[in-house]
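Notes for the structure review
What follows is the residue order along each chain.
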Amino acid sequence: MKTRIFLTVAALLCGTCALAHFGAIIPSDDIVDSGESPNITLDIKFIHPMEGHFMQMERPTKVEVFARGSKSDLTDKLNEQRKDGFSWWKLPYAIKRPGDHIFMVEPAPYWEPAEEAFIIHLTKVVVGAMGLEVGWDEPTGAKVEILPLTRPYGLWTGNIFTGVVLKDGKPLPSAEVEVEYLNEDGIKPPSDSYITQVVKADESGVFSYAMPREGWWGFAALVEGDEKLEHEGKLYPVEIGGVFWVKTRDMK
């Protein structure tokens, strides 16, 4: 896959650089139960999850929420934040009715000079609300997306997450999916190969991965886009990622 070639070249050119970029949309919780405060916040970032490195994220082109057949644009509610000199975004949201809420971010294209390519990660997360488990398996219509086949909340550590990679609404055979842990615990991988896990979908676009630790896990299906974008008078390829985040908890 050409995307993998871009990433490999980037790694060779930049010895300690991360092997994978991830769009991230991380809610303050993945489940809002009845009787709890309906207010949540979502952190929207462009990061190297396992290594904890931020990258510059310009104001997203669009942030939407899908819930029980309706869609709302939340882009004007974004608040810019700064970390290590890089921009990221915080989004407050009040859940007003039961049912699964799918949040999706469409970022501005990110120019990666080491890969000579643009990166656009269409990133999703699901928040279950007030016990009505309806909607988590609905597509958003994104160019590339991961459609969960496992309910993407209420997951124990060790559960298997299964999803299907869609491109233009159709399953993408043999899609490559990168997996990274949002490392907020100071875990030190024994070698670079442990930073990004890689699984391949089957001929139906379906993949699975067992999550071995409590916390947030990101899944990124990467494909080369059909169109190119211009940078300094030259056209370059675009890596489009369908990214999905899920949270696991230990049994205690």
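Below, the discussion takes up unusual backbone geometry. Of note, Asp-84 is a non-glycine position whose phi angle comes to about 55°, a positive value. Topologically, Asp-84 is positioned in the loop between strand E7 (79–83) and strand E8 (86–94). Under the relative-accessibility criterion, Asp-84 is labelled exposed at 58%. The backbone phi angle of Ser-174 is positive, close to 60°, even though this residue is not glycine. Within the element layout of this structure, Ser-174 appears in the loop between strand E15 (170–171) and strand E16 (176–181). Using a relative accessible area of 40% as the deciding quantity, one classes Ser-174 as partly exposed.

So, on to the pairing of E7. In this structure, E7 lies alongside E8, joined through five bridges in antiparallel fashion. Among the inter-strand pairings, Arg-82 is bridged to a residue of E8, identified as Ser-87. Hairpin connection between E7 and E8: a loop of two residues separates the two successive antiparallel strands, and Asp-84 in this loop has a positive phi of roughly 55°.

On to the packing of aromatic side chains. As enumerated under the stated definition, the model contains 12 aromatic pairs in all. For the pair Phe-161 and Phe-219, a centre-to-centre distance of 4.8 Å together with 40° between the ring planes defines the contact as tilted. Taken together, the positions of Phe-161 in strand E14 (residues 160–167) and Phe-219 in strand E19 (residues 215–224) put the pair 58 residues apart, joining distant regions of the chain. This pair shows no difference in class: Phe-161 is buried, exactly as Phe-219 is. Clustering of aromatic rings is evident, with ring pairs tying together Phe-161, Tyr-181, Phe-207, Tyr-209, Trp-217, Phe-219 and Phe-244.

What counts, and where the lines are drawn
- Residues numbered from 1 in each chain as written.
- Predicted model: local features only at pLDDT ≥ 70, side-chain atom pairs only at ≥ 80, totals over all residues.
- Heavy atoms only, no water.
- Helix = DSSP H or I, 4+ residues; strand = E, 2+ residues; numbered from the N terminus.
- Buried < 20%, exposed > 50% of the residue type's maximum accessible area, 1.4 Å probe, protein only.
- Pairing = 2+ DSSP bridges.
- Phe/Tyr/Trp six-rings, centres within 6.5 Å; stacked < 30°, edge-to-face > 60°.

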